Amino acid sequence: MSDATDRLTRFLIDRAGVRGVHVRLDEAWDQVLQRMRGELAAAPAAMEMLGEAIAAAALFTGHTKVDGRLSVQLRSQGPLRTLFAECTAAGTVRGLVRLAPGGEPVPRQLSALGDDSLLAITIENPPAPGRRDPVRYQGLVGLEADSLAGAFEDYFRQSEQLPTRLLLAAGESAVAGLMLQKLPGDEGDDDGWTRSSALFDTLTSTELLDVPVDTLLNRLFHEDGVQLLGGRALRFGCSCSAERVEAMLVSLGEDEALAAAGSSDTPGSAEITCEFCGQQYQVTEARLRQLLEAEAKGLEAPGRTQ
């Protein structure tokens, strides 16, 4: 295995007219698992889906211009209530799973999650000049496919009108992803996409997890000339902050925000623990009242959180 882990790599299959992105996460995935171990101990399907979603979120930042962060979110009323994965422009990733009480097994097929399930890709970029709120773009992903990879393939094929292939893999020690997309226009020869897609179909999840990216791409596509276009390091990181916590409390409204300060173990302070990284925050009642007063007067308040 390669020593270069936790990395996104962009590449071009020149003669075929195909672009691609490869992602592998070892240390970052371990950091996520350490924080989710209790939730995922008896839910291997949820662990796999979380790992695949994190790999997908990272892949998509190599495919689409993202100045802020890109997230993949799945919500359902079934055994898997919430799945959230995020990758930022800075290369930080994080993820979260919440299961329904009772320990009901999580189905591996997306189509078995229930008719009320919702899967979305959201891009949140910094506010436009003179604006306070971030600029958000969201696309809803159909759940007719059995796997996340299949659902995302369908999404990009329909939304961008370009043939797309995606393979996602998650194990206990690593997650990985590979994405191919035909270049727009007449790039490459007439049979280029068919040839690349057929070679892509020979790749297994085990190979994707075990084989270093340069070896993998050369093994699959060497006849068409693979060019590595660069990439970036990835790492676990959380975007939580005292400012975001304060913004969240203010968004609750005065009654709920002050109630949070009155119901914590520390009298006179609201205690908030980040679900992603475990960081704890305390906001005093006096600080809350100051923030609420500023909000009421329309003054500059902390940025919104998601």
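Everything quoted here is computed from the prediction, not taken from an experiment.

**Student:** What's the story with the pairing of strand 3 (residues 69-75) in this structure? I'm lost.
**Tutor:** Within strand 3, 5 of the 7 residues are buried, leaving the element largely enclosed by the surrounding structure. From the end of strand 3 to the start of strand 4 (residues 80-88), which pair antiparallel, there are 4 residues. Sheet analysis places strand 3 next to strand 6 (residues 118-125), joined by 7 bridges and oriented antiparallel. Bridge pairing links Leu70 to Ile123 in strand 6.

**Student:** I would appreciate a short explanation of the nonpolar core in the present structure.
**Tutor:** It is characteristic of soluble globular proteins that their nonpolar side chains tend to be buried jointly. Counting 60 residues, the largest nonpolar core has Phe60 and Phe152 as its most contacted members. The element that contributes the greatest number of residues to this core is helix 2 (residues 44-63), accounting for 13 residues. Apart from residues no more than four positions distant in its own chain, Phe152 is found in contact with Ala56, Phe60, Val72, Leu119, Ile121, Val141, Leu166 and Leu168. With 20 residues, the next largest nonpolar core counts Ile13, Trp193, Phe200 and Val211 among its residues.

**Student:** Looking at this structure, how should I read the environment of Arg131?
**Tutor:** Relative to the helices and strands, Arg131 resides in the loop between strand 6 and strand 7 (135-141). Of the residues examined, Arg131 reaches a relative accessible area of 62% and is grouped as exposed. In this structure the C-alpha to C-alpha distance between Arg131 and Val93, which are 38 residues apart in sequence, comes to 26 Å.

**Student:** Looking at this structure, how should I read helix 4 (residues 192-200)?
**Tutor:** Residues three or four positions apart in an α-helix share a direction because the helix packs 3.6 residues into each turn. Taken together, the buried positions of helix 4 are occupied by Gly192, Trp193, Ser196, Ser197 and Phe200. For helix 4, the angular spread of buried residues about the axis comes to 120°, placing them on one side. Tucked inside the fold, the buried residues of helix 4 contact strand 1 (7-13), strand 2 (18-25), strand 8 (164-170), strand 9 (175-182) and helix 6 (213-221).

**Student:** So what exactly am I meant to see when it comes to the sheet that holds strand 4 here?
**Tutor:** Within a sheet, adjacent strands bond to each other through the backbone by hydrogen bonds, running parallel or antiparallel. What the 6 strands build is an open sheet, ordered 7-6-3-4-5-11; its pairing is mixed. Looking along the sheet, the strands with just one partner apiece sit at the ends: strand 7 and strand 11 (235-236). The pairing of strand 6 with strand 7 spans 7 bridges and is antiparallel. When the bridges of strand 7 are listed, Ile121 appears paired with Gly139. With respect to the sheet, helix 1 (residues 27-40) is in contact with strand 5 (92-99) and strand 11, its orientation differing from that of strand 5 by roughly 15°.

**Student:** Explain the environment of Gln34 to me, please; I cannot follow it from the model alone.
**Tutor:** For Gln34, the position within the fold is in helix 1. For Gln34, a relative accessible area of 48% corresponds to the partly exposed category. Once the C-alpha coordinates of Gln34 and Ser197 are considered, the two residues, 163 residues apart in sequence, prove to be 36 Å apart. Within the structure, Gln34 has its side chain in polar contact with the side chain of Asp30 (distance 2.8 Å).

What counts and how
Residues numbered from 1 in each chain as written. Predicted model: local features only at pLDDT ≥ 70, side-chain atom pairs only at ≥ 80, totals over all residues. Heavy atoms only, no water. Buried < 20%, exposed > 50% of the residue type's maximum accessible area, 1.4 Å probe, protein only. Helix = DSSP H or I, 4+ residues; strand = E, 2+ residues; numbered from the N terminus. Pairing = 2+ DSSP bridges. Core = buried A, V, L, I, M, F, W, Y, C linked by side-chain atoms within 4.5 Å. Contact = heavy atoms within 4.5 Å. Arc of directions from axis to C-beta. Axes fitted to C-alpha atoms, helices over the stretch in contact; angles between N-to-C directions. Polar contact = N/O pair within 3.5 Å; in protein donor to acceptor, adjacent residues only side chain to side chain.

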